[in-house]
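A look at the structure
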Amino acid sequence: TSWSFNADLAPKETVEKFGFTRSNTHAVAGETKAAEINNKTSFALVANRAPEFVKLLPHRRETIYAITVVVTTLNSTDPLASALRTLSQFTRNNFAAARKLHGEHVAAWRRRWDYGRIEVSGDLALAQVVNSSLYYIRSSIRHDWPHGLSPGGLSSDGYSGHSFWDMETWMYPPLLMLEPESAKTVLQYRFDRREHAKRKARECGNLHQSYCPPGYQSKVAPEAMMFPWESAHTGADVQYWGGRLGPWGRFEQHITGDISFAAQQYWYVSKDRDWLRHVGMPLVNGSASFYFARLEYMKRDGDSFNYRKVMGPDEYSWPVDNSGYTNAVARKALLFAYEAAYELGFTGHPYWDFQYRAEKLYIPFTWGVPGMPQRPGGFHPEYEGFPKPGRRPQAKQADTILLAYPLGVSTNRETNLNDLMYYERITDPSGPAMTWSVFAINWFGAKNYQKSTGHFRKGFANAQAPFGVWTEFPSSAPNYPGCINFITGAGGFLQSLVYGTSGMRIKKDWLEFDPPPPRATGTYAWKLTLHSFHYRGWRLRQEVMEHKATYKLLGGSGPRLCLGTRGEMRIGRVYTWPREKKLKIRPCKPVRAAVRKRRLQNERHDIFV
């Protein structure tokens, strides 16, 4: 049984047609309960039944093959027949094909782990959670099958298998550095469904659709894209609540900016110009065009723009005006569209308008920190008018602290400390798993290693023994366990290593490293290693210890990379650097202006698809 689909045993005659019986084969077929657009998805699941017991003679070995095949109408016109045919292929001749498949499976996973992984020295329990978390995310995505990621992965129908901001904000960032080809498919998934994003942008403001203010529809451009809060196969918004679009679908509009930010990060890491022309620029231009129309002009100490009636990541508070996170990610979307257009040789309107509105978009800030008026540096209220008078504030999950990491919008150390201290006190301890990992990353960045330890450990507390399966909520929460296996939490936790313990930040033209000591995790780890990560076509390694960090170029091809003041990196050579000292890895020579101009003359064409 399931909330998402109806299923029943497959017809006996169909099973027997392929040489199976119900006694040796389990076969079910069904379809989803609800259609996205008159298109219910049919599926079949078949499996051979393992023996109830196995008798082993002394010094003998027995191998049991348990094979499960799942086929849907996404890749077959007759899922049940396709599934039974595949099962027959791998069970005939005493499982000969299955033996070969298993060997290929093991070899493929070995290649995948060698391509990008994290290693922990000194703490077996931590290493096990790292490995299981990366395995669960990787098991749910393929570089050649761009169908997105869901909070429950492929192991459950949690959240009905839909894709949310979880994909770009929580699961995508570790993949970007460890397995960039898979990260690229996340953006391809969105690009392939852009027509529904355009339709949603056109319909915003209509009855029972997402909220947009009066006058919006007269300003929105044809290429504008508003991505749905919940997406499945078609890209239509499937966030229904009581048979209609719920408050998340109507007001939680930061997801469009989340997707644009993911595209920006991919461009900075890859500098794949062909991708930027054909996929990246249409995505970010569409996102910026939506925000351009959605913002409202207001005279506030000069020209400024408001973003009214939204829901930020803190889903306890809605609708609010000028959510700090929503406005920050919208600003980044507008600015990156301007930047990407310039990179591809496009200037003038509307790109100057994107830049102007981004610079004038209001992000709440106050010099008085609630409950800590003596603190210098100021503070970012979660939204305009926060906290509401007479109401004890509580945030569901990480929200305003995301302005520091991952957005990099808030760079003042004192302000970031104030935000961390304040929101640490009011964040719901029963909230979802990924929140605490972002606190840990930001405490690492603030170099407060006493604060970071508890949050880092709390960041993987929801990974349940013995196999590290993630629950959405902690065991002490009234709504425990929530979604299982909650790979959104796994993604947040992996970020606390890929970007936290490594100290890595992705910049426009370089990677920056400022790692904390391994003891800042509050674990027994004495060395933390990004065994393989990827940048500009190269594969690299970083090892972080108490007083030093080492860097190594493992292989690949791309622009020559330079490490700090050491000059060009050589394949196989180990470079040792004081851990306490910041480091940049960047291409050795920038592209000359004349070369860029000649390249643009060869590349310009209509990219707004």
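Residues numbered from 1 in each chain as written. Predicted model: local features only at pLDDT ≥ 70, side-chain atom pairs only at ≥ 80, totals over all residues. Heavy atoms only, no water.

All right, on to the sheet that holds strand β18 (residues 574-578) then. Pairing within the open sheet is antiparallel, and its five strands lie in the order β5-β14-β15-β16-β18. The open sheet is flanked by β5 (118-121) and β18, the only strands paired with a single partner. Ignoring which end each strand starts from, the neighbouring axes of this sheet average 20 degrees apart. Relative to strand β16 (residues 548-556), strand β15 (residues 538-544) runs antiparallel, the two sharing seven bridges. The residue bridging E543 from the neighbouring strand is T550, located in β16. (Pairing = 2+ DSSP bridges. Helix = DSSP H or I, 4+ residues; strand = E, 2+ residues; numbered from the N terminus. Axes fitted to C-alpha atoms, helices over the stretch in contact; angles between N-to-C directions.)

Relative to each other, helix α5 (residues 180-192) and helix α8 (residues 255-270) sit at 140 degrees, their axes nearing to 11 Å. Overall, the two elements α5 and α8 adopt an arrangement that is oblique. Handedness of the crossing formed by α5 with α8: left-handed. Between α5 and α8, the residues in contact are P180, K184, L187 and R190 and I255, I259, A262, A263 and Y266, respectively. Split by residue class, the contact of α5 with α8 holds seven nonpolar, no polar and two charged. (Parallel < 35°, antiparallel > 145°, perpendicular 65-115°, else oblique. Left-handed = near helix turned anticlockwise from the far one by under 90°. Contact = heavy atoms within 4.5 Å. Nonpolar A, V, L, I, M, F, W, Y, C, P; charged D, E, K, R; others polar.)

According to the stated counting rule, one finds two disulfides in the structure shown. With its sulfur 2.0 Å from that of its partner, C204 forms a disulfide with C212. Judged by the torsion about the S-S bond (90 degrees), the C204/C212 disulfide is right-handed. Taken as a pair, C204 and C212 share a single burial class, namely buried. Linked covalently through their sulfurs, C562 and C588 form a disulfide whose S-S length is 2.1 Å. An S-S torsion of about 110 degrees defines the bridge between C562 and C588 as right-handed. Taken together, the positions of C562 in strand β17 (residues 561-563) and C588 in the loop between β19 (583-587) and α16 (593-603) put the pair 26 residues apart, joining distant regions of the chain. (Disulfide = S-S within 2.5 Å. Buried < 20%, exposed > 50% of the residue type's maximum accessible area, 1.4 Å probe, protein only.)

Our focus in this paragraph is helix α12 (residues 413-426). Taking 1.5 Å per residue, 14 residues should reach 20 Å; α12 reaches 20 Å between its end C-alpha atoms and fits that length. For α12, the tally of buried residues reaches ten of 14 residues, placing the bulk of the element in the interior. For α12, the full list of buried residues reads T415, N416, L417, N418, D419, L420, Y422, Y423, E424 and I426. The elements touched by buried residues of α12 are α13 (434-445) and α14 (449-458). (Expected span 1.5 Å × (residues − 1).)

Taken as a whole and assessed by the stated rule, the structure comprises 36 aromatic pairs. Here Y216 and F290 contribute two aromatic rings whose centre-to-centre distance is 6.1 Å and whose plane-to-plane angle is 70 degrees, an arrangement assigned as edge-to-face. Separated by 74 residues along the polypeptide, Y216 in the loop between α6 (194-203) and β6 (240-241) and F290 in helix α9 (residues 273-294) bring together distant segments of the chain. Aromatic rings pair up to connect F379, Y383, F386, Y422 and Y423 into one cluster. Over the aromatic face of F292 sits the side chain of R357, whose NZ or CZ is 3.9 Å from the ring centroid. Sitting over the ring of W510, K584 keeps its end group 4.0 Å from the ring centre. (Phe/Tyr/Trp six-rings, centres within 6.5 Å; stacked < 30°, edge-to-face > 60°. Lys NZ or Arg CZ within 6 Å of the ring centre and 35° of its normal.)

Purely geometric stuff here, so don't read any function into it on its own.
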